[in-house]
Amino acid sequence: MQKYSVFSLIKNALKGHKDWEVAWKDPTPKEEYDVIIIGGGGHGLATAYYLAKEHKITNVAIIEKGWIGGGNVGRNTTIIRSNYMHDENGLFSEFGMNLWRNMSQELNFNVMFSPRGIINLAHSDAQMNVFSRRGNSMRLNGIDAVLLQREDVKKLIPMADFSENVRFPIFGGLMQPSAGTARHDAVAWGYARQADSMGVDIIQNCEVKGFDISNGKILGIRTSKGNIKAKKIGLCVAGSTNILAEKLNITLPIETHLLQACVSEPIKPILNNVVTFGAGHFYCSQSDKGEMVMGGDLDGYNSYSQRGNLPTLQHVLTEGIAMFPFLSKLKMLRTWGGIMDMSMDGSPIIDKTHIKGLYLNCGWCYGGFKATPASGWTFAHTIAQDRPHELNAGYSLNRFSTGHLLDEKGLGTKTWIS
Amino acid sequence: MLHIKCPHCGLRSQNEFSYGGDATVKRPELNKEVSDQDWDNFVYLRKSPRGKHLELWQHISGCRQWIKVERDTLTHEIFKTLKANEEV
């Protein structure tokens, strides 16, 4: 594989960029694979990469209905963090943070990881108490957390509304300085290129129509490009999980909901951190191109439409303007939507299933992007070893029936208000 | 913007309603032995179909009644609305 560097860039620039190798091939499916990963998003690509790299399993195919990076990995707001209270979520995410820090070097692809810090704003004394508890839990798990007072926040984000008589005054906040953002497309492309170079077949525009199962064991899949046999199959299809689950005759603790995001016109640098509003659901960062990248609530009812509805956008941006009044002066450049696999406790599932050889990776709600490397790493382990790693042992499918929920927000089963 | 026809008030905009989730989920009968599996099915497991979905909404800024709505989760077309105690 061609190595990307400043020298290869100069060399190819001088030759008019005619000699670049393709980043990944476009193979026809083989008759049989050791492992098939369904879903060529971030998690699927990362899983294939770690199967090849960590477990030396290279007879692997990724089956993608659309094109790689066209789903949620290209639709998110690029935030990376590990500011969780529960041990399972905190340790899993912090393991992922270490993978993020070395990702550009490891993949030889600049994912533009930018640890610019995330600030969760607090708007009451009670919220400050909750944040100090969460911050302490994080620090016990080795995750950096800083409790900010009003004056500290004012130094970091002076453009926020610190005026008198606002409905939700800023009392302070909880900051994870090591959190940040990355260029989401590069993550998908970087994993795809490396997986391809190790022998993984990336098969795009190939829809899974059904599964071949016999005596409780998976044998293969039926696709729009023919039948493909496999010893093991992993599902990594986010918002489409329930569609495939129906074909498998499985019912899951998951509902599919729509989440919107939007960007403003580009402006000069104003915001260094990722900031979240504490009296509602709104988050904001500034991209390297200068756009304000914003998101918030789900549209609020089951949806597979991949495009949003204006009342929710209005609601979310009203919160944004309450936090950063200057946003009201900006023009909106783009809005879009993605479909989320909302689990009943807000935490993901990475586990085996009752069908031998079938593995499940879903329930990421809208925290999937940051989890890409850790999810791929642990899912690859679960598939290769036929048992979960200790990092994803808490993300079991049966935790709902046994009562071992991981409900970080304590919202219960109303997925649409998560 | 969805437009939902409340069976009590007529056609109103989505802003007046609050969502209540899958209306096909049935609580296990009271005062009877309930298996763990049945309880699990009721509390956590959802079909979440792509296509026709029968769901509960509350006309919270109107008559405050709970209603049933049959809606397509892909196109958002609303096929019919019913009173909460009516079956499709």
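A brief report on the enclosed structure follows. Just so it is clear, the model here is predicted, and its values are computed rather than measured.

Thresholds applied
- Residues numbered from 1 in each chain as written.
- Chains lettered and ligands numbered in written order.
- Predicted model: local features only at pLDDT ≥ 70, side-chain atom pairs only at ≥ 80, totals over all residues.
- Heavy atoms only, no water.
- Helix = DSSP H or I, 4+ residues; strand = E, 2+ residues; numbered from the N terminus.
- Rg over C-alpha atoms; globule rule 2.2 N^0.38 Å.
- Buried < 20%, exposed > 50% of the residue type's maximum accessible area, 1.4 Å probe, protein only.
- Contact = heavy atoms within 4.5 Å.
- Areas by Shrake-Rupley, 256 points an atom, 1.4 Å probe, with all protein chains shown as cover.
- Lys, Arg positive; Asp, Glu negative; His and termini not counted.
- Charge placed at Lys NZ, Arg CZ, Asp CG, Glu CD.
- Axes fitted to C-alpha atoms, helices over the stretch in contact; angles between N-to-C directions.
- Parallel < 35°, antiparallel > 145°, perpendicular 65-115°, else oblique.
- Nonpolar A, V, L, I, M, F, W, Y, C, P; charged D, E, K, R; others polar.
- Buried area = accessible area lost by both parts, 1.4 Å probe.
- Salt bridge = Lys/Arg side-chain N within 4 Å of Asp/Glu carboxyl O.
- Polar contact = N/O pair within 3.5 Å; in protein donor to acceptor, adjacent residues only side chain to side chain.
- Patch = residues over 30% accessible without salt bridge, like charges linked within 9 Å, V, L, I, M, F, W, Y side chains within 5 Å.
- Pairing = 2+ DSSP bridges.

Attention now moves to the overall build of chain A. Within chain A, the regular secondary structure consists of 11 helices and 18 strands. Against the globule reference of 22 Å for 418 residues, chain A gives a C-alpha radius of gyration of 22 Å, in line with a compact fold. Seen through its C-alpha atoms, chain A measures out along the principal axes to roughly 70 × 60 × 40 Å. The 418 residues of chain A split such that 58% are buried. In chain A, of all internal contacts separated by at least 6 residues, the share reaching a separation of at least 24 is 74%. Within the structure as shown, chain A displays about 17400 Å² of accessible surface, and the carbon and sulfur contribution to it stands at 53%. Once the 43 positive and 38 negative side-chain charges of chain A are each reduced to a mean point, those two points are 4 Å apart.

Residue and element names in this part refer to chain A. Where helix α3 (residues 87-101) contacts helix α10 (residues 372-385), the axes come no closer than 7 Å and their chain directions differ by 105°. Comparing their axes, α10 and α3 come out roughly perpendicular. Here Phe-92, Phe-95, Gly-96, Leu-99 and Trp-100 of α3 lie close against α10, whose contacting residues are Thr-372, Pro-373, Ala-374, Ser-375, Trp-377 and Thr-378. When its residues are assigned to classes, the contact of α3 with α10 shows 7 nonpolar, 4 polar and no charged.

Opposite the 24 residues of chain A that make contact, chain B presents 23 residues. Summed over the three residues of chain A that lose the most area to chain B, namely Tyr-301, Asn-302 and Tyr-304 of chain A, the buried surface amounts to 28% of that side. Our enumeration of links across chain A and chain B arrives at 1 salt bridge. A salt bridge links Arg-46 of chain B to Glu-255 of chain A; the nearest nitrogen and oxygen atoms lie 3.9 Å apart. Put simply, chain A and chain B have 11 residue pairs in polar contact (both at pLDDT 80 or more) between them.

With that settled, consider a nonpolar patch on the surface. Side chains of Val-6, Phe-7, Ile-10 and Leu-14 of chain A sit close together on the surface and give an oily, nonpolar patch of about 480 Å² of accessible area. Along the chain, the position of Ile-10 of chain A falls in helix α1 (residues 6-14).

A separate point is the environment of Ile-157 of chain A. Residue and element names in this part refer to chain A. Mapped onto the secondary structure, Ile-157 falls in the loop between α6 (150-156) and β6 (172-176). With a relative accessible area of 0%, Ile-157 lands in the buried category. Separated by 15 residues in sequence, Ile-157 and Gly-142 have C-alpha atoms that sit 26 Å apart. Here Ile-157 is in contact with Leu-121, Phe-162, Leu-271, Asn-273, Val-275 and Phe-324, once residues within four sequence places are set aside.

This next bit is on the pairing of strand β11 (residues 226-235) of chain A. All names here are of chain A. With 6 bridges connecting them, strand β1 (residues 32-38) and β11 associate as parallel partners. The partner of Ile-37 across the bridge, within β11, is Gly-234. In terms of strand pairing, strand β10 (residues 217-223) meets β11 through 4 bridges, oriented antiparallel. Pairing of Arg-222 across the sheet is with Asn-227, part of β11. Taking the residues that link successive antiparallel strands as the turn, the β10-β11 hairpin has 2 residues. By the bridge criterion, 3 bridges tie β11 to strand β18 (residues 358-362) in an arrangement that is parallel. Note that in β18 the partner of Leu-235 across the bridge is Leu-360.

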